[in-house]
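Chain residues, written in single-letter form:
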Amino acid sequence: MKKLRYILLFLSALTFHSCTEPVSSLPARPVGIQINTNQDFFVHFQPVNLYDYVIADAEGLHYHNQIRRYQEGHGAHGYGGVIIIVTGSELNPYASFDMACPACSLSTGKCHVTQMDGFFMVCPDCNERYDMTAYGVPTKGKSKERLKQYNTHVVNGVIRISN
């Protein structure tokens, strides 16, 4: 009976631990991005186009080598810019991550994972590879944490990204 109690206590602790959000070492910066996939500019940014992406940074929204500048007062884009990817999941077809590399951003200043290599984001400074099919998990072991993830919700074709 005592053994059963310890097993149940362990399982409940594991359950509560797995429900918590990963803590990021990156400083908190405001994020407030809106993408309307019903507009011509983003009409192809749809859940059927797996791992298609949009980048939001200080300049605006980048999509297929084009840029849409922010309207006045819009565009809070996290610490190092934000990448919004199509995941293909029915429950949440889009995910968004800060583009600052957790492995070297704090020690060297802002360092961005700006290179896309297949399904991986690659940091040009430390060469860490983040697997976007696994929600930004590092693969080379240089980083001890995954890319910082932001809240991403879709309602009637409008994607909203926030802290």
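Residues numbered from 1 in each chain as written. Predicted model: local features only at pLDDT ≥ 70, side-chain atom pairs only at ≥ 80, totals over all residues. Heavy atoms only, no water.

A. Main features of the environment of Gly-141. Relative to the helices and strands, Gly-141 resides in the loop between β11 (137-138) and β12 (149-155). On a C-alpha basis, the gap between Gly-141 and Arg-129 in space is 8.9 Å, while along the polypeptide they are twelve residues apart. (Helix = DSSP H or I, 4+ residues; strand = E, 2+ residues; numbered from the N terminus.)

B. Expanded view of the environment of Ile-161. Among the secondary structure elements, Ile-161 is positioned in strand β13 (residues 158-162). Ile-161 sits in the buried class, given a relative accessible area of 2%. A sequence separation of 84 residues divides Ile-161 from His-77, and the C-alpha atoms of the two residues are 9.2 Å apart. (Buried < 20%, exposed > 50% of the residue type's maximum accessible area, 1.4 Å probe, protein only.)

C. Just the state of the cysteines, in detail. Using the criterion set out here, one finds zero disulfides in the structure. Cysteine Cys-126 shares no disulfide, and the gap to the nearest cysteine sulfur, in Cys-101, comes to 3.7 Å. By relative accessible area, Cys-126 is classed as buried at 17%. (Disulfide = S-S within 2.5 Å.)

D. Spotlight on the pattern of salt bridges. Under the definition given, this model contains one salt bridge. Between Glu-59 and Arg-69 there is a salt bridge, and its shortest N-O distance comes to 3.8 Å. Separated by ten residues along the polypeptide, Glu-59 in the loop between β2 (53-57) and β3 (60-63) and Arg-69 in the loop between β4 (66-68) and β5 (76-77) bring together distant segments of the chain. The class of Glu-59 is partly exposed, set by a relative accessible area of 44%. The class for Arg-69 is exposed, based on a relative accessible area of 54%. (Salt bridge = Lys/Arg side-chain N within 4 Å of Asp/Glu carboxyl O.)

Note that every value here comes from positions in space, so none of it alone points to a role or purpose.
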